[in-house]
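As a plain string of letters, each chain reads:
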Amino acid sequence: MRRIYEAAAYQTPTACWWRETAPPVDYSRLEGDHVTEVAVIGGGFTGLNAALALAEAGVGVTVLDAEHPGWGASGRNGGFCCLGGSKLGGAAVERRHGTDERSLWHAAERAAVAHVRDLLDRHAIAADTHSAGETCLAHTPRAFTAMRASVPQVERDHGVTPDVFGREKLAEQGLAGQFHGGMTTPIGFALDPGKYHAGLRDAVQAAGTAVFCRSPALTLAPKGGRWRVTTPSGTLTANTVILATNGYSSEDVPGWLRARYLPVQSSIIVTRPITESEQARQGWTSDQMCYDSRLLLHYFRLMPDGRFLFGMRGGLRATRRSEAALARKIRADFHQLFPHWQEIDITHEWSGLVCLMRGLTPFAGAVPEMPGVYAALGYHGNGVAMGSYLGARLADTVLGRHFRGPVPRFVSQPPGRFPLGSARRALLAPAYAAATMFDR
Ligand SMILES: Cc1cc2nc3c(=O)[nH]c(=O)nc-3n(C[C@H](O)[C@H](O)[C@H](O)COP(=O)(O)OP(=O)(O)OC[C@H]3O[C@@H](n4cnc5c(N)ncnc54)[C@H](O)[C@@H]3O)c2cc1C
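Criteria and cut-off values
Residues numbered from 1 in each chain as written. Predicted model: local features only at pLDDT ≥ 70, side-chain atom pairs only at ≥ 80, totals over all residues. Axes fitted to C-alpha atoms, helices over the stretch in contact; angles between N-to-C directions. Helix = DSSP H or I, 4+ residues; strand = E, 2+ residues; numbered from the N terminus. Parallel < 35°, antiparallel > 145°, perpendicular 65-115°, else oblique. Left-handed = near helix turned anticlockwise from the far one by under 90°. Contact = placed C-beta atoms within 7 Å. Nonpolar A, V, L, I, M, F, W, Y, C, P; charged D, E, K, R; others polar. Buried ≥ 20, exposed ≤ 12 C-beta atoms within 10 Å, placed from the backbone. Domains from an automatic or database assignment. Pairing = 2+ DSSP bridges.

Visitor: When you look at the packing of helix α3 (residues 90-97) against helix α4 (residues 99-122) in this model, what are you seeing that I'm missing?
Guide: Two quantities define a packed helix pair, namely the angle between the axes and the distance from one axis to the other. Viewed as axis vectors pointing N to C, α3 and α4 meet at an angle of 140°, and their least axial separation amounts to 7 Å. In terms of their interaxial angle, α3 and α4 are classed as oblique. Note on packing geometry: the crossing formed by α3 with α4 is right-handed. Across the interface between the two elements, Gly90, Val93, Glu94 and His97 from α3 touch Thr99, Glu101, Arg102, Trp105 and His106 from α4. For the contact of α3 with α4, the per-class residue count stands at 2 nonpolar, 4 polar and 3 charged.

Okay, here's the thing in structure tokens:
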């Protein structure tokens with residue numbers, strides 16, 4: 001597999017908290033020649049949701065993961081199950097794709113959150129959920145003014161009235177800090193992504209799906225009207241193939257993906273459990289999942305066991321030096337926003353790859369000129385809900401049935417290629433510099 005980051009970006013994280021709450025399971029690797037109806041490449045939320053919907057419809061499915069299911073972003077994220085999935089705001093979606101598509105997109109965002117809630121309920125997955133919707137905190141007075149002005153639009157887009165509160169109300173909400181006010185939109189919840197993924201994985205297997213670990217798809221080629229996937233120790237022949245590799249995609253499996261996705265690092269730290277008196281000292285006692293209004297945003301939440309999770313965008317490189325710089329930066333930002341927690345131990349720390357698309361919206365649909373091959377990817381750092389949902393909706397496409405929920409048409413338009421080919425990461429440096437200026 002030809003990938004665009006340094007090798008370190010593709011290593012297993014050693015200090016990821018979710019690997020302790022939901023230890024990964026190591027299934028056997030694909031050995032010898034196998035045949036299946038649908039081969040799913042990638043065992044994250046997208047791949048497993050597609051697999052589950054197909055298996056529940058009676059289709060024979062085989063999942064291959066290069067490492068193990070949940071090894072990618074699905075086992076490393078912040079657990080915000082929330083609206084999102086695109087980098088385009090609603091107005092930009094409307095300008096590009098029209099009013100109806102904008103409404104369908106917002107309906108899909110809500111349906112995605114409901115989809116995950118339904119999965120947790122239906123499969124009795126205990127995923128330590130908390131938080132009543134999601135709170136955005138204003139990092140400047142100007143951002144708070146914009147937040148207040150956005151209320152009528154949120155009402156039109158989502159049919160709910162967000163709760164906007166000024167700086168003076170932060171402490172009574174248990175959200176005291178460096179912010180200028182906030183806005184809670186009552187859609188979404190937080191979860192332990194490791195536990196959600198493990199429950200999903202068990203449901204997929206209970207539905208009869210075969211799952212293989214340590215089985216990277218190295219080639220994908222047509223063979224007698226079907227597709228043959230080659231791994232280091234076996235082959236899998238399938239009528240249909242679903243690519244669900246998101247930020248861990250490669251340039252050559254298949255070649256169609258080349259330059260159509262842009263992986264971007266995101267990083268997280270988790271503290272030891274913070275006692276109630278330590279929480280009171282900081283004035284942060286709420287279990288709301290929050291993010292700030294910066295373009296290069298921070299996201300954070302107090303988890304049910306008292307640990308604090310704090311995340312932000314990662315670096316542009318995955319070298320030892322840049323990892324060390326990132327470790328310093330994430331600590332500095334955490335301590336600047338939560339100065340009373342300077343002495344609290346940070347026990348876990350990891351990074352992972354999210355996935356941007358050139359059109360700034362996700363893709364879920366048929367791969368052109370590869371009949372029987374489908375892909376879903378590109379959730380712009382918000383794939384807990386949207387990746388799960390579009391994985392399931394991609395299964396509708398494969399089955400040739402009506403979507404079981406709202407899906408805008410633009411999602412199935414094949415994504416364009418980024419400029420600069422395998423050097424396209426270079427596009428991020430000026431974008432980050434501009435965002436840093438804007439965030440001041
Ligand atoms: C640090 C971090 C924090 C995040 N926080 C949030 C959040 O709070 N809320 C939110 O909504 N989203 C968040 N995200 C994004 C979210 O995690 C992803 O959008 C989502 O998990 C994508 O799921 P996926 O199944 O498409 O891809 P992944 O989970 O990345 O899975 C891809 C899988 O494909 C496998 N693979 C790749 N190539 C091959 C191959 N050739 N053969 C076989 N297998 C292969 C990989 O091993 C991997 O397991 C975060 C991401 C990161 C990294």
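Visitor: Sorry, what's going on with unusual backbone geometry here?
Guide: Glycine aside, a negative phi is what most residues show, and trans is what most peptide bonds show. Residue Pro254 follows Val253 across a cis peptide bond; omega there is -5°. Turning to its location among the elements, Pro254 is positioned in the loop between β11 (234-243) and β12 (262-271). Even without being glycine, Leu360 reaches a positive phi, approximately 65°. Tracing the backbone through its elements, the reader meets Leu360 in the loop between β16 (346-356) and β17 (363-366). Residue classification places Leu360 among the partly exposed residues on the basis of 16 C-beta atoms within 10 Å. Within the chain, Glu369 stands out as a residue other than glycine whose phi angle is a positive 60°. Within the secondary structure layout, Glu369 lies in the loop between β17 and β18 (373-377). Classification of Glu369 by C-beta neighbours within 10 Å gives exposed; the count is 8.

Visitor: What is the right way to read the domain arrangement of the protein from this model?
Guide: In many reports, interface size means the accessible area that the parts give up when they come together. As far as domains go, the protein holds domain 1 (7-78 + 194-263 + 358-439) and domain 2 (131-191 + 264-356). Relative placement of domain 1 and domain 2: their C-alpha centres are 28 Å apart. The partner domain 2 presents 23 residues to the 30 residues of domain 1 that form the contact. Looking at the side of domain 1 that touches domain 2, the elements with two or more residues in it are β12 and α11 (428-439). Here the side of domain 1 that touches domain 2 gets 7 residues from one element, more than from any other, and that element is α11. Considering only residue class, the side of domain 1 that touches domain 2 consists of 19 nonpolar, 8 polar and 3 charged.

Visitor: What is the right way to read the sheet that holds strand β5 (residues 163-166) from this model?
Guide: Pairing within the open sheet is mixed, and its 8 strands lie in the order β5-β6-β4-β13-β14-β15-β12-β16. Every other strand in the sheet has two partners, leaving β5 and β16 as the edge strands with one partner each. Taken over all neighbouring pairs, the strand axes of this sheet differ in orientation by 20° on average, direction set aside. Across 2 bridges, strand β13 (residues 289-292) lies against strand β14 (residues 298-302) in antiparallel orientation. Paired with Cys290 across the bridge in β14 is Phe300. Against the sheet, helix α5 (residues 141-149) touches β4 (134-137), β5 and β6 (181-185), its axis set at about 30° to β6.

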